[in-house]
Amino acid sequence: MIVEEATQSVQETIAVAQTFARLLRRGDIVALYGDLGSGKTQFVKGACKALHAAASVVSPTFVILHRYEGRDSAGKELLIYHVDLYRIQSPNEIYDLGYEEFFGGEGITFVEWADKLGALLPKRRYEVHCAYGEKENDRTIRIELIEE
Amino acid sequence: MIILGIETSCDETSAAVLQDGRLLSNITVVQYVHTKYGGVVPELASRAHQKLIVPIVQEALTKAHIERNEIDAVAAVHGPGLAGALLVGLSFGKALAMALNVPFIGVNHMEAHILSNFIGDRKPKFPYVNLTVSGGHTQLVLVKDFFSFQLLGETVDDAAGEAFDKVAKMLGIGYPGGPLIGKHASGGNPHAVEFPRPYLEKGSMNFSFSGLKTSVLYYLRKSGFDKAKADGKWIADVCASFQAAVVDVLAEKLISAAKTCGVGDIAVVGGVSANAALRRRLESEAQRYRLNLFLPEFEFCTDNGAMVAMAGYEKMKQGIRSSLELTAEPNLQLAS
């Protein structure tokens, strides 16, 4: 599965993420790639909206990991992990964060700056690549399901 | 009553001794190990705290001329912050309280920042509006009493200090971004580039700095910015213009919140409250609107043990104690 969308505003990026999030099932991992300001946090914000996250989704850069309580399509409680590896230097540090909890659990995990996962990158994952477009608010979002 | 306060939530290791509300010592070490990485590195932060915690607590006691057995209570931050970093100060604080057989008090980092304006003689009067601005937080709070808060608004994406750090990284001027942008900005023209002022919808007390960060990025791309060849005056202009946009939004939202809440006192705390342009702007706004402005001394803007000891002292007076089973909570919210 490969989807590529061009968006022209934050609202459109959020809408693409909301549509995508309906595909997500328990245990899914979404790896996000893209430069500073390319829309990764906005994408997670949109996806979490579709997953009925109660709390507002803000950048986890400071604390590395945010956890939200959402609901799945059946209305059952669903844990959402929002990880931001911007400050991480080596994959070893991810062990310290308790990665077993968010990789291989019953929740859904979003990882910003997923290129820092190294060997911890799960074999089955959705990859979301955010990039700038021509104009200031233009973005392209490529979503791909990888099963290695 | 003698309180030992411990703070290890991010990259400062700090301990302070407070006697009956009067500060006797405050020792803070900032982990410059992060400088070359352009940000706080969690594992390095945690390891540095482990190395520093014992000597820093000892130094705080020595400087205060207080013996360990004179301590009446130990206060330590248990969140929000980096999990590994929080654990060091929290575990040390609990262990020390247990060994000395004195009460242990867990302190919320956000409460402690607000109380940094109570260190010293000039203190705000309740109720007042407080703005907390740091690398991890941007919050407007109505402070009704020492531990009674009403959250008025907060960032919907990036914290103000985070925007400073990320813009500094884009410009390649280093870390920590706040002080470095402030330094470059002092020689620049704040009107050189018109960056957007993100106010959100009319009357909103929330903040958004993600779009401003992106505008800076686009400006750099459009200008063909190259870290290696950039001219100092040009960087100074970008820094000053970016800083002016942040200061405008922070100052206007704080003043408008004070008007909405009908209070006479306003306060700003957190690392960004050390920013000279923000302080100058707030001083003139406060004068214009006849508000009493409270800003912590520079030493107490960034993370420090003194504010934790102050929160511990007020909690002790109210009979609040914590269990030794208290755990670190990286996403701890400000209680209402």
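Because the structure is a prediction, the values reported are computed rather than measured. (Residues numbered from 1 in each chain as written. Chains lettered and ligands numbered in written order. Predicted model: local features only at pLDDT ≥ 70, side-chain atom pairs only at ≥ 80, totals over all residues. Heavy atoms only, no water.)

K.L.:
Can you tell me about a negative patch on the surface, naming the residues and giving the values?
P.N.:
Residue and element names in this part refer to chain B. Taken together, the side chains of Asp20, Glu67, Glu70 and Asp72 present a region of like negative charge at the surface. When you line up the elements, glutamate 70 lands in the loop between α1 (42–64) and β4 (73–79). Classification of glutamate 70 as partly exposed rests on a relative accessible area of 35%. (Patch = residues over 30% accessible without salt bridge, like charges linked within 9 Å, V, L, I, M, F, W, Y side chains within 5 Å. Areas by Shrake-Rupley, 256 points an atom, 1.4 Å probe, with all protein chains shown as cover. Salt bridge = Lys/Arg side-chain N within 4 Å of Asp/Glu carboxyl O. Lys, Arg positive; Asp, Glu negative; His and termini not counted. Charge placed at Lys NZ, Arg CZ, Asp CG, Glu CD. Helix = DSSP H or I, 4+ residues; strand = E, 2+ residues; numbered from the N terminus. Buried < 20%, exposed > 50% of the residue type's maximum accessible area, 1.4 Å probe, protein only.)

K.L.:
Talk me through the domain arrangement of chain B; I want residue IDs and the actual numbers.
P.N.:
All names here are of chain B. Its domain assignment divides chain B into domain 1 (2–115 + 300–317) and domain 2 (124–296). Facing 19 residues of domain 1, the contacting portion of domain 2 comprises 19 residues. Across the domain 1 to domain 2 interface the summed buried area is about 1,600 Å²; carbon plus sulfur atoms make up 74%. When the area that domain 1 buries against domain 2 is broken down by residue, the three leading residues are Met110, Ile114 and Cys301, summing to 40%. Put simply, domain 1 and domain 2 have 0 salt bridges between them. Counting the contacts that link domain 1 with domain 2 gives 1 residue pair in polar contact (both at pLDDT 80 or more). Looking at the side of domain 1 that touches domain 2 element by element, the count peaks at 5 residues for helix α3 (residues 109–115). (Domains from an automatic or database assignment. Contact = heavy atoms within 4.5 Å. Buried area = accessible area lost by both parts, 1.4 Å probe. Polar contact = N/O pair within 3.5 Å; in protein donor to acceptor, adjacent residues only side chain to side chain.)

K.L.:
So what about helix α2 (residues 40–50) of chain A? Which residues, and what values?
P.N.:
Residues and elements named next belong to chain A. Burial of α2 is extensive: 9 of the 11 residues sit out of reach of the surface. Taken together, the buried positions of α2 are occupied by Lys40, Thr41, Gln42, Phe43, Val44, Lys45, Gly46, Ala47 and Cys48. Where α2 ends, the next residue or the one after it, histidine 52, has phi of about 60 degrees, a positive value.

K.L.:
Go over the packing of aromatic side chains, please, and point to the residues and values.
P.N.:
By convention here, two paired aromatic rings are described through the distance between centres and the angle between planes. The full count for this structure, using the stated rule, is 15 aromatic pairs over all chains. Considering the side-chain rings of phenylalanine 146 of chain B and phenylalanine 147 of chain B, the 6.5 Å spacing of their centres and the 45 degrees angle between planes classify their relative orientation as tilted. Like phenylalanine 147 of chain B, phenylalanine 146 of chain B is buried. Here lysine 40 of chain A stacks its cationic end above the ring of tryptophan 113 of chain A, 4.2 Å away from the centre of that ring. A cation over a ring is seen here: arginine 279 of chain B above phenylalanine 298 of chain B, with NZ or CZ 4.4 Å from the ring centre. (Phe/Tyr/Trp six-rings, centres within 6.5 Å; stacked < 30°, edge-to-face > 60°. Lys NZ or Arg CZ within 6 Å of the ring centre and 35° of its normal.)

K.L.:
I'd love a proper account of the interface of chain A and chain B, names of residues and values included.
P.N.:
With 27 residues of chain A in contact, the opposing surface of chain B contributes 30 residues. Both sides of the chain A and chain B interface together cover about 2,400 Å² of buried area, and 55% of this is carbon and sulfur. Counting the surface chain A buries against chain B, the share from its top three residues, Leu36, Phe62 and Arg87 of chain A, is 29%. At the surface where chain A touches chain B, the tally comes to 0 salt bridges. Linking chain A with chain B are 8 residue pairs in polar contact (both at pLDDT 80 or more), by the criterion used here. Elements that contribute at least two residues to the side of chain A that touches chain B include exactly α2, β3 (65–71) and α3 (92–96) of chain A.

K.L.:
Please give an account of the sheet that holds strand β7 (residues 139–147) of chain A that cites residues and values.
P.N.:
What links the strands of a sheet is backbone hydrogen bonding, and the strands pair in either a parallel or an antiparallel sense. Residue and element names in this part refer to chain A. Strand order in the open sheet formed by 7 strands is β1-β7-β6-β2-β5-β4-β3, and the pairing between neighbours is mixed. Two strands bound the open sheet, and with one partner strand each, they are β1 (2–7) and β3. Pairwise comparison of adjacent strand axes, ignoring direction, gives a mean angle of 20 degrees for this sheet. As defined by bridge partners, strand β2 (residues 29–33) adjoins strand β5 (residues 108–112) across 4 bridges and the pair is classed as parallel. The residue of β5 that forms the bridge with isoleucine 29 is threonine 109. (Pairing = 2+ DSSP bridges. Axes fitted to C-alpha atoms, helices over the stretch in contact; angles between N-to-C directions.)

K.L.:
Residues and numbers for helix α5 (residues 177–185) of chain B, please.
P.N.:
All names here are of chain B. Within α5, the full set of buried residues consists of Gly177, Leu180, Ile181 and Ala185. Considered in projection along α5, the buried side chains sweep an arc of 135 degrees and stay on one side of the axis. In α5, the exposed positions that point more than 90 degrees away from the buried face belong to Pro179 and Lys183. (Arc of directions from axis to C-beta.)

K.L.:
I'd like a rundown of the sheet that holds strand β10 (residues 292–294) of chain B, residues and numbers included.
P.N.:
Residue and element names in this part refer to chain B. If you walk across this open sheet you meet the 5 strands as β8-β7-β6-β9-β10, and the pairing is mixed. Because the sheet does not close on itself, it has two edges, and the strands there are β8 (148–154) and β10. Here the average twist between neighbouring strands, direction ignored, is 25 degrees. As paired elements, strand β9 (residues 265–269) and β10 share 3 bridges and run parallel to each other. Opposite aspartate 265, over in β10, you have asparagine 292 as the bridge partner. The sheet contacts of helix α7 (residues 232–261) involve β6 (128–133), β7 (138–145), β8 and β9, and relative to β6 the element is tilted by about 155 degrees.

K.L.:
Lay out the pairing of strand β6 (residues 124–132) of chain A with the relevant residues and their values.
P.N.:
Residue and element names in this part refer to chain A. The pairing of β2 with β6 spans 4 bridges and is parallel. Its bridge partner being in β6, tyrosine 33 is matched across the sheet by histidine 129. When β6 meets β7, the two strands line up antiparallel, connected through 9 bridges. Paired with glutamate 127 across the strands is glutamate 144, a residue of β7.

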